[in-house]
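In case you want the letters, here they are:
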Amino acid sequence: MVSYHCDGVDTVPDWMIPPRIEGWYADDLDHLPDVPQHVELIDGILVLSGWPRQQWHSRLVSTLARALGKQAPADIHIEAQMTIRLDERSRLEPDLLATTAAYNPDRTFFTPDEALLVVEVESPESAHCDRTVKLHKYAEASIAHYWRIEEEDSSPVVYAYELDESTRAYVAIGIHRGTLRLAVPFEMTIDLDKLLPARR
């Protein structure tokens, strides 16, 4: 925890100090003691996303994971909040990912070639990063599919993107309200309105 002093000088825990002058590397995240949850690395910079998560966000991640898991082929697995090592200096943590990697209880991250789909559920704090930085970084790493999910009138809206391999940039393939129907990365039909209880 950061402590604040009246003289304006902050004291930070040792793990927040980069181990080298050029900053952090992706593999450093496996060796940080007492690191809080939801720490990401973007271009060598630690990003702490430990703000209190809204129940809307938490519930949507859980129910969407179950819905995807029920419809995914046997060789595709849905994982929640595990990092992807995009390159030597970047390691992001999507809310969900669909992977072809076999289960390994000691695994701490996936690689881009193992990820078919990454999903980011927006919160007010993450919206800018999800729409710009992560959109670019996932495409640059050649992950074929990216979903960004917004809240609209208490319901989830899925913005789906597919990679144009010739440009290594995402192309929007649909905005889904009410029902999501897609054939990629696998055939699925999801009633988005049933993923969350009605707001009281």
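The structure this text deals with has already been given above.
Read on for an overview of the structure. (Residues numbered from 1 in each chain as written. Predicted model: local features only at pLDDT ≥ 70, side-chain atom pairs only at ≥ 80, totals over all residues. Heavy atoms only, no water.)

## Let's talk about the sheet that holds strand S13 (residues 169–176)
If you trace the 6 strands from one edge of the open sheet to the other, you get S5-S8-S10-S11-S12-S13, paired in mixed fashion. Two strands close off the open sheet at either side, each with one partner strand: strand S5 (77–80) and S13. Each adjacent strand pair in this sheet contributes to an overall mean axis angle of 20°, direction not counted. Here 4 bridges tie strand S8 (residues 96–99) to strand S10 (residues 115–121), and the two strands are oriented antiparallel to one another. (Pairing = 2+ DSSP bridges. Helix = DSSP H or I, 4+ residues; strand = E, 2+ residues; numbered from the N terminus. Axes fitted to C-alpha atoms, helices over the stretch in contact; angles between N-to-C directions.)

## Description of the nonpolar core
Leu64, Leu68, Trp147, Leu180, Met188 and Ile190 are the most contacted members of the largest nonpolar core, which has 26 residues in total. At the level of elements, helix H1 (55–71), S8, S10, strand S11 (145–152), strand S12 (155–164), strand S14 (179–182) and strand S15 (188–191) are the ones that each hand at least two residues to this core. Broken down by element, this core gets its largest block of residues, 6 residues, from H1. Apart from the residues within four sequence positions on either side, Leu68 is in contact with Ile78, Leu96, Trp147, Phe186, Met188 and Ile190. By size, the runner-up hydrophobic cluster in this structure holds 20 residues, among which are Ile42, Ile84, Leu92 and Ala115. (Core = buried A, V, L, I, M, F, W, Y, C linked by side-chain atoms within 4.5 Å. Buried < 20%, exposed > 50% of the residue type's maximum accessible area, 1.4 Å probe, protein only. Contact = heavy atoms within 4.5 Å.)

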